[in-house]
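One letter stands for each residue in the lines below.
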Amino acid sequence: MFVALRDLKFAKGRFALMGTVVTLITLLVVLLSGLTAGLGRENISAITDLDADHLVFAAPAADQDISFSDSVIPAQTQADWADVAGVAAVEPLALGMTRAESGARTTGVAFFAVDEASALPPVAVRSGEVVLAEQAAEDLGVAAGGTVTVGGVELEVAAVAGSDSYSHAPVAWISDADRPMTGTAPDAATVLAIRVGTADLAAADAALGTETVTVADSLNAIGSYSSENGSLQLMRGLLLAISALVIGAFFTVWTVQRSPEIAILKAVGASTGYLVRDAVGQAFVLLLFGTGLGAALAAGLGAVAATVVPFVLGPATVLLPAALLVVLGLVGAAASLRRIATVDPLTALGAAR
Amino acid sequence: MTMHLNDVTLTYPDGDGRLTALDHVTLHAEPGELTAVVGPSGSGKSSLLAVAATLITPDSGQVLLDGTDLVGLNRKQRTRVRRDRIGIVFQSANLLASLTALEQLTVMAHLAGEAPTAAGERALELLDAVGLGAQAGRRPHQLSGGQRQRVTIARGLMNEPSVLLVDEPTSALDSERGAAILDLLRRLTTERGLATVMVTHDRDHLAHADRVVEIVDGRAHALAPA
């Protein structure tokens, strides 16, 4: 990187401008990544934190996908699943959205109704009780021992535990006996949370008219998550693609501008490999500096933003997008390097023809 | 080491036919001698230099550097020859804008994979030899035309080549500075035992040459030195 590093110092203005572009794109991508993860967590944390490895849904119609909104598993199917060999645990879970009230304060909650013996809630819940997520308790201004109305049923707050939410609403764990009316049979579940041992899931699904997926695969069955996450990921992907194109365009122009110098270096004995390594090194330094600064700024802003909006600050939302930008930037820069190979050293002589 | 061009012919595409730039040209450059190649514009002087520098492969003939024919070498080998065995001084002082005078030389050593310390010392010695020791830290835009050309000469010598190819070294300089550059080339050729080939259109320069070759319409004729 003999020439590359000196070029970086010499053409400060040009590289500072490009570095600023990389910094701003990194800032955008990291902030978007943190927001995407934050919004995603508000959508799915109650599901991902379930003590289960698979969820059983009612099999959808041929042209439909599984959905938490549409799935109804009757009592008989629940019993049949409990008898399937090789399944370690079967926990029926009925869930939906409802309103919770405490005095004059109200908030939307996701009710997760389970059997009294269920191990799914953070704290065991009995009939007449509710276990509220911290956000719900805060919104309602209640603590353990207080009283709230969930879906028209008055319940005592047994505990305030966890920060799980579902579809952007904090979770209220209630007994199946207290669940609000949802239009389905009182003993029907939305899904079955299971822990699989050696069970033949495909055979069980075929026999019982269900569809079993891993917890991770079940997330797309949350309607708001799949559409919201899809849009944000698309924006993130487009930003990454734009950054690769912008960096590629910059280095293409830069390479064209320094073609005479490349010709001189080739004429005096620089190999194409040497020049390519030099140019890639230059791009790497620029990207490392730009993304480093952008990621640091985004981490600082994200830490502030996390107090008011859902935002996840961590290696996956800061370091991973920054690393991805470096890689894609190098790919963009590499596309411009083809020109280095085509520069004819003869042009350094100028008057040869 | 010597450089011999034997019966070299070079043609370029020209419409439906081909234009002959060099027509069976033979030229010998011996160590410690300055060979001047003169001729009018478009006569083929620079083409001759490009062939000698392995930048163009001739249609036929040999380019022998100490007995090795450079014509058959592949691109990598030719690049290595230019880096290690041939120094090139361009018509305009083709320097890299971001490098200081010293770095214009040390980059040559870097290309050859040489340690920076030893290269730095040799580069300073060379800059001293061309009278620019005090300007080592200056970039091209901070140097005069004559100084830039001196840096180019020093760069051409950095990897201790046996052959120095010089293309119209004074074309961008006034007569006083041009004469100083020619004196420098003459001195370095003798002191370092270089086989120097200098292309020029100025016949006043022939007084500095040991051999003179005139090229007219691609054909070479030996002339007596002035």
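Given the structure is predicted, the values throughout are model-derived calculations rather than measurements.

## Some thoughts on the overall build of chain A
On a plain count of helices and strands, chain A comes out with 10 helices and 10 strands. In summary, chain A has a C-alpha radius of gyration of 29 Å against a globular reference of 20 Å for 353 residues, an excess of more than 25%. In terms of principal-axis extent, the alpha carbons of chain A reach across some 95 × 50 × 30 Å. Residues classed as buried in chain A amount to 50% of the 353 residues present. For chain A, contacts bridging at least 24 residues in sequence account for 80% of all contacts bridging at least 6. Accessible area for chain A stands at about 15,500 Å²; split by element, carbon and sulfur atoms hold 61% of it.

## A closer look at unusual backbone geometry
Residue and element names in this part refer to chain A. One non-glycine residue, S167, adopts positive backbone phi at about 55 degrees. Locating S167 in the fold gives a position in the loop between β7 (165-166) and β8 (169-175). Although it is not a glycine, H168 sits at a positive phi angle of roughly 70 degrees.

## What to know about the domain arrangement of chain B
All names here are of chain B. Under the domain assignment used here, chain B contains domain 1 (1-85 + 163-226) and domain 2 (93-160). Taking only C-alpha atoms, the centre of domain 1 and the centre of domain 2 are 23 Å apart. With 14 residues of domain 1 at the contact, the number on the domain 2 side is 16 residues. Interface of domain 1 and domain 2: buried area, both sides summed, is about 1,200 Å²; carbon and sulfur atoms make up 67% of it. If you sort the residues of domain 1 by the area they bury against domain 2, R83, L184 and R192 come out on top, with a joint share of 36%. The interface formed by domain 1 and domain 2 holds 0 salt bridges in total. On inspection of domain 1 and its partner domain 2, the count reaches 4 residue pairs in polar contact (both at pLDDT 80 or more). Secondary-structure elements contributing two or more residues to the side of domain 1 that touches domain 2 are α2 (75-84) and α6 (175-192). Considering each element in turn, the side of domain 1 that touches domain 2 owes the most residues, 8 residues, to α6. A class-by-class count of the residues in the side of domain 1 that touches domain 2 yields 9 nonpolar, no polar and 5 charged.

## Observations regarding the packing of helix α1 (residues 2-10) of chain A against helix α3 (residues 101-111) of chain B
Taken N-terminus to C-terminus, the directions of α1(A) and α3(B) make an angle of 150 degrees; their axes are 10 Å apart at the nearest point. Every residue of α3(B) that contacts α1(A) at A:F2, A:V3 and A:R6 is listed here: B:E103, B:T106, B:V107 and B:H110. For the contact of α1(A) with α3(B), the residue count by class is 3 nonpolar, 2 polar and 2 charged.

## Thoughts on the nonpolar core
With 91 residues, the main nonpolar core has B:M3, B:L5, B:I86 and B:L165 as its most contacted residues. Per element, the largest residue contribution to this core is 6 residues, and it comes from α3(B). The contact partners of B:L165, leaving out residues within four places of it in the chain, are B:M3, B:L49, B:A52, B:A53, B:I86, B:G87, B:I88, B:V89 and B:V197. Formed by 31 residues, the second largest nonpolar core is a distinct cluster that contains A:L120, A:A159, A:A221 and A:Y225.

## Observations regarding helix α10 (residues 319-342) of chain A
Every α-helix winds through 3.6 residues per turn, so residues three or four apart in the chain are directed the same way. Residue and element names in this part refer to chain A. An ideal rise of 1.5 Å per residue puts 34 Å on 24 residues; α10 measures up with 36 Å between its terminal C-alpha atoms. The largest bend along α10 reaches roughly 30 degrees and is located at A335. Three or more residues of α10 are buried, namely P321, A322, L325, V326, G329, G332, A333, S336, L337 and I340.

## A closer look at the side chain of A:Q78
Residues and elements named next belong to chain A. Note that Q78 resides in helix α3 (residues 75-82). Given a relative accessible area of 13%, Q78 falls into the buried group. In contact with Q78, other than residues within four places in its own chain, are I73, V90, P92, D187, A188, A189 and L192.

## Looking at the packing of aromatic side chains
Residue and element names in this part refer to chain A. Throughout the structure, instances matching the rule amount to 7 aromatic pairs over all chains. Pairing F57 with F68 gives two aromatic rings, centres 4.9 Å apart and planes at 70 degrees, and the pair type is edge-to-face. Taken together, the residues span a long stretch of sequence, with F57 in strand β1 (residues 54-58) and F68 in the loop between β1 and α3 at a distance of 11 residues. On the accessibility criterion, F68 (3% relative accessible area) is buried. Members of the aromatic cluster, connected to one another through ring pairs, are F57, F68, F112, Y166 and W173. Geometry around F2 places R6 over its ring, the cationic atom sitting 3.8 Å from the centre.

## Regarding the interface of chain B and chain A
If you look at the interface, chain B gives 31 residues, while chain A gives 24 residues. For the interface between chain B and chain A, the tally reads 1 salt bridge. For B:E103, the salt bridge is made with A:R6, and the minimal N-O distance between the two is 3.0 Å. For the interface between chain B and chain A, the tally reads 7 residue pairs in polar contact (both at pLDDT 80 or more). When contributions to the side of chain B that touches chain A are tallied by element, the ones reaching two or more residues are β1 (3-14), α1 (45-52), α2 and α3 of chain B. Considering each element in turn, the side of chain B that touches chain A owes the most residues, 6 residues, to α3(B).

## So, the pattern of salt bridges
All names here are of chain B. Overall, the coordinates contain 14 salt bridges over all chains when judged by the stated rule. Ionic pairing is found between R203 and E214, a salt bridge with its closest N-O pair at 2.2 Å. Of this pair, R203 sits in the loop between β8 (195-200) and β9 (211-216) while E214 sits in strand β9, and the two are 11 residues apart along the sequence. Of the residues examined, R203 reaches a relative accessible area of 43% and is grouped as partly exposed. Salt bridges sharing partners connect three or more residues here, namely E114, R122 and E160.

## Focus: the sheet that holds strand β2 (residues 17-29) of chain B
In a beta sheet, neighbouring strands pair by backbone hydrogen bonds and run either parallel or antiparallel. Residues and elements named next belong to chain B. Taken in spatial order, the 4 strands make up an open sheet running β2-β1-β4-β5, and their pairing is antiparallel. Since the sheet does not close on itself, it has two edges, and those belong to β2 and β5 (68-69), each with one partner. Here β1 pairs with β2 via 9 bridges, running antiparallel. By the bridge assignment, Y12 is partnered in β2 with L19. Together, β1, β2 and β4 (60-65) form the strand contacts of α1, whose direction differs from that of β1 by roughly 120 degrees.

## Describing the packing of helix α5 (residues 145-157) of chain B against α6(B)
All names here are of chain B. With their axes 10 Å apart at the nearest point, α5 and α6 run at an angle of 15 degrees to one another. By the angle between their axes, α5 is roughly parallel relative to α6. Our pair here, α5 against α6, has a crossing hand that is right-handed. Across from G146, Q149, R150, I153 and L157 in α5, the residues of α6 making contact are R177, A180, I181, L184, L185, L188 and R192. Residue classes in the contact of α5 with α6 are distributed as 7 nonpolar, 2 polar and 3 charged.

Here is what the cut-offs are and how they apply
Residues numbered from 1 in each chain as written. Chains lettered and ligands numbered in written order. Predicted model: local features only at pLDDT ≥ 70, side-chain atom pairs only at ≥ 80, totals over all residues. Heavy atoms only, no water. Helix = DSSP H or I, 4+ residues; strand = E, 2+ residues; numbered from the N terminus. Rg over C-alpha atoms; globule rule 2.2 N^0.38 Å. Buried < 20%, exposed > 50% of the residue type's maximum accessible area, 1.4 Å probe, protein only. Contact = heavy atoms within 4.5 Å. Areas by Shrake-Rupley, 256 points an atom, 1.4 Å probe, with all protein chains shown as cover. Domains from an automatic or database assignment. Buried area = accessible area lost by both parts, 1.4 Å probe. Salt bridge = Lys/Arg side-chain N within 4 Å of Asp/Glu carboxyl O. Polar contact = N/O pair within 3.5 Å; in protein donor to acceptor, adjacent residues only side chain to side chain. Nonpolar A, V, L, I, M, F, W, Y, C, P; charged D, E, K, R; others polar. Axes fitted to C-alpha atoms, helices over the stretch in contact; angles between N-to-C directions. Core = buried A, V, L, I, M, F, W, Y, C linked by side-chain atoms within 4.5 Å. Expected span 1.5 Å × (residues − 1). Bend = angle between axes of the 7 residues up to and from the residue. Phe/Tyr/Trp six-rings, centres within 6.5 Å; stacked < 30°, edge-to-face > 60°. Lys NZ or Arg CZ within 6 Å of the ring centre and 35° of its normal. Pairing = 2+ DSSP bridges. Parallel < 35°, antiparallel > 145°, perpendicular 65-115°, else oblique. Left-handed = near helix turned anticlockwise from the far one by under 90°.

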